[in-house]
Amino acid sequence: QVHLVESGGGLVQPGGSLRLSCAASGSIFNILVMGWYRQAPGNEREWVARIDNGGITYYTDSVKGRFSISRDNVKNTVYLQMNSLKPEDTAVYYCNTVLPPPASWGQGTQVTVSS
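First, a word on what this report is: a plain description of the structure on this page. (Residues numbered from 1 in each chain as written. Predicted model: local features only at pLDDT ≥ 70, side-chain atom pairs only at ≥ 80, totals over all residues. Heavy atoms only, no water.)

### Here's the deal with the state of the cysteines
In total, this model carries one disulfide according to the counting rule given. Bridging Cys22 to Cys95, the disulfide has an S-S length of 2.2 Å. A torsion of -70 degrees about the S-S bond marks the disulfide between Cys22 and Cys95 as left-handed. A residue pair is termed long-range when its members are at least 10 positions apart, and Cys22 in strand β3 (residues 18-24) and Cys95 in strand β9 (residues 91-99) qualify at 73 residues. With a relative accessible area of 1%, Cys95 lands in the buried category. (Disulfide = S-S within 2.5 Å. Helix = DSSP H or I, 4+ residues; strand = E, 2+ residues; numbered from the N terminus. Buried < 20%, exposed > 50% of the residue type's maximum accessible area, 1.4 Å probe, protein only.)

And the structure:
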């Protein structure tokens, strides 16, 4: 099981951009699908974006056209580029496996979109 550490969150104005990074302690080459999730206060954790080992990506409807997920299997890092951010994107963002299913969760990184 790899240990994942998220970074790159912060406070940004509506319409702004952030790039989140997820550094793995070991190889992610054999992890079939990696993803980003988020949890807003009072809400359930939800899946946001995922990418398989072939680079095929999927997004939840609310972020399509604004967010872009990528993975670097050499650097063992997964990224989430977030553009045109909205206040409703405010949440703690987590990186984790999708397939196989997540075994545990890290600290996440806080993203706050506010003027």
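### Thoughts on the sheet that holds strand β7 (residues 67-72)
Pairing within the open sheet is antiparallel, and its four strands lie in the order β1-β3-β8-β7. Two strands in the sheet have a free side with no partner beyond their single neighbour: β1 (4-7) and β7. Direction aside, the axes of adjacent strands within the sheet are offset by 15 degrees on average. (Pairing = 2+ DSSP bridges. Axes fitted to C-alpha atoms, helices over the stretch in contact; angles between N-to-C directions.)

### Considerations on the nonpolar core
Where a protein is soluble and globular, its nonpolar side chains tend to be buried together. Core analysis: the largest hydrophobic core is formed by 27 residues, its most contacted members being Trp36, Phe67, Ile69, Val78, Leu80, Met82 and Tyr93. The set of elements that each furnish at least two residues to this core consists of β3, β4 (33-39), β5 (46-52), β7, β8 (77-82), β9 and β10 (109-113). With four residues, the single largest contributor to this core is β3. Once residues lying within four places of it in the same chain are set aside, the contact partners of Ile69 are Met34, Gly35, Trp36, Ala49, Arg50, Ile51, Thr57, Tyr59, Val78, Tyr79 and Leu80. (Core = buried A, V, L, I, M, F, W, Y, C linked by side-chain atoms within 4.5 Å. Contact = heavy atoms within 4.5 Å.)

### Concerning unusual backbone geometry
A cis amide bond links Leu99 to the next residue, Pro100, at an omega of 5 degrees. Here Pro100 shows up in the loop between β9 and β10. If you check the backbone angles, Asn76 has positive phi at about 55 degrees while not being a glycine. Looking at where Asn76 falls in the secondary structure, it is placed in the loop between β7 and β8. Look at Ser84: it is not a glycine, yet its phi comes out positive at around 50 degrees. Looking at the secondary structure, you find Ser84 in the loop between β8 and β9.

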